[in-house]
Amino acid sequence: MAKLEKIALMNNYDYVKPHAYLNKDGFDVTIEETYSNNVFIFYILLSNISTQKAQELLQHLKLQKKAFKVFSYQISGLVLKVVWNGYFTSLNAPKMEEFIFSIIQLIKSLSIEPNNVCSFCGEEGADELVYVNGIRLLKAHSECKKAKIEEYRESQKNKPVEKPNYVGGVIGALFGAVIGIIPWIIVELSLGFLAAVLALLVGYSSFFMYKEFGGPLNKNAKIIVSAATVLGVILTNLFFASYIIYMADGALVFENYIIVYTTPETNLPLFQSLFIGLVMCGFALPTLIVKIKNEENKEYQLQ
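Keep in mind that what you see is a predicted model, and the values were worked out from it rather than measured.

Caption draft 1: Examining helix α4 (residues 93-109) more closely. With 17 residues, α4 ought to run about 24 Å at 1.5 Å a step, and its terminal C-alpha atoms sit 24 Å apart, in line with that. Among all positions in α4, only A93, M96, F99, I100, I103, I104, L106 and I107 are buried. Viewed end-on, α4 has its buried residues packed into an arc of 160°, placing them on one side of the element. Structural note: α4 exposes P94, E98 and S109 on the side pointing more than 90 degrees away from its buried face. Where α4 begins, the capping side chain belongs to N92, and its oxygen is found 2.9 Å from the backbone nitrogen of K95. Of the residues trailing α4, S111 is marked for its positive phi of about 60°.

Right under this line is the structure:
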């Protein structure tokens, strides 16, 4: 059971992965779980407030940032988004209740009211919540909401289907991996020490060029970037093997590669470099996968 799911069960929140929902003193709150148990995102639906009032709220959050363990905060539309980051600590059920209570009390102290205005017609008496990708972002009358959802569905039917540019993405990821291994090679050859820690750059470079070449940001992006990163590490190792053969005035033929990789004097540094490079990939890839997931082109859902 996920961390947020356990908290939701204990605090009587509604839970639909990856979100929990509650109403606190009239304010509708969405809590979003992340890849880390130490990071949660809170969305609080507000009434339509002036720019001055919004700035006042953000200034108060800035002053309480350290005490509340707030990593970032912003107001977008009618929603206050607060990112809680405990770094080496996490929120349990009582602490989450305390955090939400503190934020709501701060909002109320500035005379900001809960939202009860329909976002589609502008009239008061909104009786239903509108969820956008699982987050409570708006309130509306049931008929207004129904009409807007129907309008959205019709617009989706006429939307042209874009063909994913996997060819460009693969080329970009491989090209990025090649760019990423260049600093590794230069440092190791010029300074003469093991520079395999620079394998961290390979994954980031691969992902950057994957996007630049138009690769689609979906679940396949993780596979393509990961494969290009590991391939970059392996090709770097083969380059160093080739360099050893070249410096010995040997021909770049299969038999000489066998000799290099089986001779203790040469295979030890090669295998060390390969191992460290792959370990660095092991550190970089989980972060990259999360980054890809965060940037992933998700289908817009209105409900």
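Caption draft 2: Layout of a nonpolar patch on the surface. Together, V170, L174, L231, I234, L235 and L238 line one region of the surface with nonpolar side chains, adding up to about 440 Å² of accessible area. Taken together, the elements giving at least two residues each to the nonpolar patch come down to α6 (166-191) and α8 (219-247). Top element by residues in the nonpolar patch is α8. It accounts for four residues. Note on placement: L231 falls in helix α8. Of the residues examined, L231 reaches a relative accessible area of 37% and is grouped as partly exposed.

Caption draft 3: Summary view of the sheet that holds strand β6 (residues 79-85). One open sheet holds the six strands; their spatial order is β1-β2-β3-β4-β6-β5, and the pairing between them is antiparallel. Only two strands of the sheet have a single partner each, and these edge strands are β1 (14-16) and β5 (70-76). The average angle at which neighbouring strand axes cross in this sheet is 20°, direction not considered. Where strand β4 (residues 39-45) and β6 come together, seven bridges link them in antiparallel fashion.

Caption draft 4: Inspection of the pairing of strand β3 (residues 27-33) at higher detail. When you tally the buried positions in β3, you get seven out of seven residues, the bulk of the element. Every second residue of β3 is oriented toward a common face, with F27, V29, I31 and E33 on one face and D28, T30 and E32 on the other, all of them buried. With six bridges connecting them, strand β2 (residues 19-24) and β3 associate as antiparallel partners. Bridged to N23 within β3 is D28. Linking two consecutive strands that pair antiparallel, namely β2 and β3, is a turn of two residues; a positive phi of about 55° is found at D25 within it. Where β3 meets β4, five bridges bridge the pair, whose relative direction is antiparallel. Within β4, the position partnered with I31 by the bridge is F42.

Conventions adopted
- Residues numbered from 1 in each chain as written.
- Predicted model: local features only at pLDDT ≥ 70, side-chain atom pairs only at ≥ 80, totals over all residues.
- Heavy atoms only, no water.
- Helix = DSSP H or I, 4+ residues; strand = E, 2+ residues; numbered from the N terminus.
- Expected span 1.5 Å × (residues − 1).
- Buried < 20%, exposed > 50% of the residue type's maximum accessible area, 1.4 Å probe, protein only.
- Arc of directions from axis to C-beta.
- Polar contact = N/O pair within 3.5 Å; in protein donor to acceptor, adjacent residues only side chain to side chain.
- Patch = residues over 30% accessible without salt bridge, like charges linked within 9 Å, V, L, I, M, F, W, Y side chains within 5 Å.
- Areas by Shrake-Rupley, 256 points an atom, 1.4 Å probe, with all protein chains shown as cover.
- Salt bridge = Lys/Arg side-chain N within 4 Å of Asp/Glu carboxyl O.
- Pairing = 2+ DSSP bridges.
- Axes fitted to C-alpha atoms, helices over the stretch in contact; angles between N-to-C directions.

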